[in-house]
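Spelled out from the first residue to the last, the chains are:
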Amino acid sequence: MIQDNVKIHDNFSLEIKSIYENVSEKKKTTYNTLTYLFTPNGLNINNQTYPKSKFYNDVKVYIRYNASEYTLDEILSLKTGPLYQLIKIVKKISVKKNFKKNKLEFESRVKMLGAILNNTLKIATPFLKEKGTSNAAISIEFFTKLKNVLDNYRNIVATIEELKIDEEIKNTIKYGDEYISNITNYYLIVLLEHYKINSVENEILKENISFIKEEQAYRKTKNYDIINDEDYFDEALLHKRSQLKKFIEGVLFLDRDIRKDGAFFEQSVFAIAAGLAMVFSTGIAFYYQQVYGNFTLPFFIALVVGYMLKDRIKASIGLLFVSKASSFFYDFKIKIKDSGNNLIGIIKENFTFVPFNSLGPKVKKHRLKNKFVDADYNFLGEQIIQYKKKIVIYPKKFGEEISDNRLNSIVDITRINLYRFTTQMDDPKKEYSLLKKGKIINRVGNKIYHINLIQKLYSEKGVAFKRYLVIMNRKGIKRIEKVELDH
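Residues numbered from 1 in each chain as written. Predicted model: local features only at pLDDT ≥ 70, side-chain atom pairs only at ≥ 80, totals over all residues. Heavy atoms only, no water.

K.L.:
I'm lost on empty space enclosed by the protein in this one. Help?
P.N.:
Remark: the empty space left among the atoms is shown by a probe the size of a water molecule rolled over them. One pass over the structure, following the stated rule, counts 2 cavities of 30 Å³ or more. In this structure, the largest cavity encloses a volume near 80 Å³. If you go around the largest cavity, the residues you meet are Asp4, Ile16, Ser18, Tyr20, Thr33, Thr35, Tyr387, Lys389, Asp412, Thr414, Gln455 and Leu457. Where the lining of the largest cavity is concerned, the elements lending two or more residues are strand E2 (13-21), strand E3 (29-40), strand E8 (382-393), strand E9 (409-417) and strand E12 (449-459). (1 Å grid on protein atoms, 1.4 Å probe; cavity = no way out; pocket = protein on both sides within 12 Å on 5 of 7 lines; lining within 4 Å. Points joined across faces, edges and corners; volume = space filled by probe spheres on them. Helix = DSSP H or I, 4+ residues; strand = E, 2+ residues; numbered from the N terminus.)

Structure, rendered in structure tokens:
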């Protein structure tokens, strides 16, 4: 199954986040996705102005494991859970046997606990917004359990600090402590803002505010939030938090080995083309040598012409074969590997412009829904970008490096920068006039452009379609709206 959503990453970039489940423990799991970007002709985005090289410069792809789902109860009590696994490795470190191996596992366990807790809080927050608003017991119980998780972790911090071991290990546990304090503070503030808007019971508000203050006081005692008075924009603080996030959540990220797809076939085709061209030119040389003999002007001219034709034949045959083979190969083949160099999966990607008539009937139907005018497509015209991916997940080594039996999916985060799309856009504000009560009134309106995004997602459970409307102007993306489709 594919879980998929599209959101704004920054002013000019949209982020497509897809979660692919490792369905089978024995067979490989295969997914295919087709993403279509429908761009107005006026933006001057076409196969001449926007070739593959520019598109792939504008695309960033990140691949990582999807953090396992645990409840706070499971984190606290499950023997195979991340907290108990961390406690277990700390005991091994304290006896100082197999130190190098245990040190690597310890760092991995610290990071995994942080990443899993972040995922737990992310999942729990919408539930608390829905249920905890009207039921004080649910919210207060959640706060109590979260405090227990933090207390247990901080007991481990205290244990590590007392040991006479490598400073790097002590720093690792502290980084994890600061990270979980940061994410706890973040989600508590998200809940507080929601509770205030929805006028919840004072008991919930008091507990929430008290919890936030406790975390702030704790970070102060640990010097986690040291702010330089000259750092007016809190640059150092935000940079540090960003680095912490990368350090902890980096345990989930996978390595990518990117290579051109079909490179061996392409070189083989060029070699065959060169051979055929050589056969042609050599045949001409032999023929004219027999007719005119050696060291004659006609033979010399024949050699020159043969060489000229050889070069052209070689290039033409090569390009013909490659163009015909492009439908069988992708642009790039990305091998996904974990830190132990185990092959987790393969992603292939392909970019091209396609005409409207070549789209499938359902894609056409979904695009033409909710047109502003009947001539929206036929009169104005659009350029259609097709970004195709094939994802194959191999179960044999999946999650082996992390050893988490709940790990069952990978996340593909694709960011597409649309800055090039804005270069031909008009000013974001446009003046227009209207007549009101006999007077001409000049007004200023927003000048926007619509870029339609349609996804066709293939999985073992069938085919699904999604459509989004990206609304933007020359200053960037204003918003993304999901369009409901008829099934």
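K.L.:
When you look at the side chain of Ser68 in this model, what are you seeing that I'm missing?
P.N.:
Within the secondary structure layout, Ser68 lies in the loop between strand E4 (59-65) and helix H2 (72-77). Judged by its relative accessible area of 2%, Ser68 is buried. Among all residues touching Ser68, those that are not within four sequence positions of it are Ile116, Asn119, Asp404, Arg406 and Leu407. (Buried < 20%, exposed > 50% of the residue type's maximum accessible area, 1.4 Å probe, protein only. Contact = heavy atoms within 4.5 Å.)

K.L.:
Even after reading the chapter, I still don't get the pattern of salt bridges, so can you show me in this structure?
P.N.:
Side chains carrying opposite charge are able to pair once their charged atoms draw close together. The full count for this structure, using the stated rule, is 23 salt bridges. Of the charged contacts in the structure, one is a salt bridge between Glu382 and Arg367, with a shortest N-O distance of 2.6 Å. Of the two residues, Glu382 sits in strand E8 while Arg367 sits in helix H11 (residues 361-368), which places them 15 residues apart along the sequence. For the pair Glu382 and Arg367, one class covers both residues: buried. (Salt bridge = Lys/Arg side-chain N within 4 Å of Asp/Glu carboxyl O.)

K.L.:
For this particular structure, what's the right way to read the pairing of E9?
P.N.:
One face of the sheet, then the other: side chains in a regular strand alternate in exactly this way. Counting buried residues in E9 gives 7 out of 9 residues, a clear majority hidden from the surface. Of the pairings in the sheet, the one linking E2 to E9 comprises 9 bridges and is antiparallel in character. Across the sheet, Glu15 pairs through a bridge with Arg415, a residue of E9. Across 7 bridges, E4 lies against E9 in antiparallel orientation. The residue bridging Lys60 from the neighbouring strand is Arg415, located in E9. (Pairing = 2+ DSSP bridges.)

K.L.:
What is the right way to read a nonpolar patch on the surface from this model?
P.N.:
A grouping of Leu297, Phe300, Ile301, Val304, Val305 and Met308 is seen on the molecular surface, where their side chains present a nonpolar patch of about 590 Å² in accessible area. Its location among the elements puts Val305 in helix H10 (residues 297-325). Overall, Val305 belongs to the partly exposed group, its relative accessible area being 38%. (Patch = residues over 30% accessible without salt bridge, like charges linked within 9 Å, V, L, I, M, F, W, Y side chains within 5 Å. Areas by Shrake-Rupley, 256 points an atom, 1.4 Å probe, with all protein chains shown as cover.)

K.L.:
Where do I start with the packing of helix H5 (residues 136-162) against helix H7 (residues 202-221) in this structure?
P.N.:
When two helices pack together, you describe them by how their axes are tilted relative to each other and by the distance separating the axes. Between H5 and H7, the least distance of the axes is 9 Å, while the angle of their chain directions is 15°. Comparing their axes, H7 and H5 come out roughly parallel. Judged by the twist between their axes, the crossing of H5 over H7 is left-handed. Contact with H5, carried on its side by Ala136, Ser139, Ile140, Phe143, Leu146, Lys147, Leu150 and Arg154, involves Glu203, Ile204, Glu207, Asn208, Phe211, Glu214, Glu215 and Tyr218 of H7 and no other residues of that element. Class assignment of the residues belonging to the contact of H5 with H7 gives a composition of 8 nonpolar, 2 polar and 6 charged. (Axes fitted to C-alpha atoms, helices over the stretch in contact; angles between N-to-C directions. Parallel < 35°, antiparallel > 145°, perpendicular 65-115°, else oblique. Left-handed = near helix turned anticlockwise from the far one by under 90°. Nonpolar A, V, L, I, M, F, W, Y, C, P; charged D, E, K, R; others polar.)

K.L.:
What's the story with the sheet that holds E2 in this structure? I'm lost.
P.N.:
To summarise the sheet geometry, strands pair through backbone hydrogen bonds and adopt either a parallel or an antiparallel arrangement. On the basis of which strands lie adjacent, the open sheet formed by 4 strands has the order E1-E2-E9-E4 and antiparallel pairing. Across the chains shown, the open sheet's two edge strands, defined by having one partner strand only, are strand E1 (2-10) and E4. Here the average twist between neighbouring strands, direction ignored, is 20°. Bridge count between E1 and E2: 8 bridges; the pairing is antiparallel. Across the sheet, the residue bridging to Asn5 is Lys17, located in E2.

K.L.:
Explain the environment of Glu105 here, please?
P.N.:
Position of Glu105 relative to the elements: it lies in helix H4 (residues 99-132). With a relative accessible area of 24%, Glu105 lands in the partly exposed category. The sequence separation of Glu105 and Ile402 amounts to 297 residues, and the corresponding C-alpha distance is 8.9 Å.

K.L.:
What is the right way to read H5 from this model?
P.N.:
Owing to its 3.6 residues per turn, the α-helix brings residues three or four apart onto one side. Spanning 27 residues, H5 covers 39 Å between terminal C-alpha atoms, matching the ideal 39 Å at 1.5 Å per step. For H5, the capping residue at the N-terminal end is Asn135, with a side-chain oxygen 3.1 Å from the backbone nitrogen of Ala137. (Expected span 1.5 Å × (residues − 1). Polar contact = N/O pair within 3.5 Å; in protein donor to acceptor, adjacent residues only side chain to side chain.)

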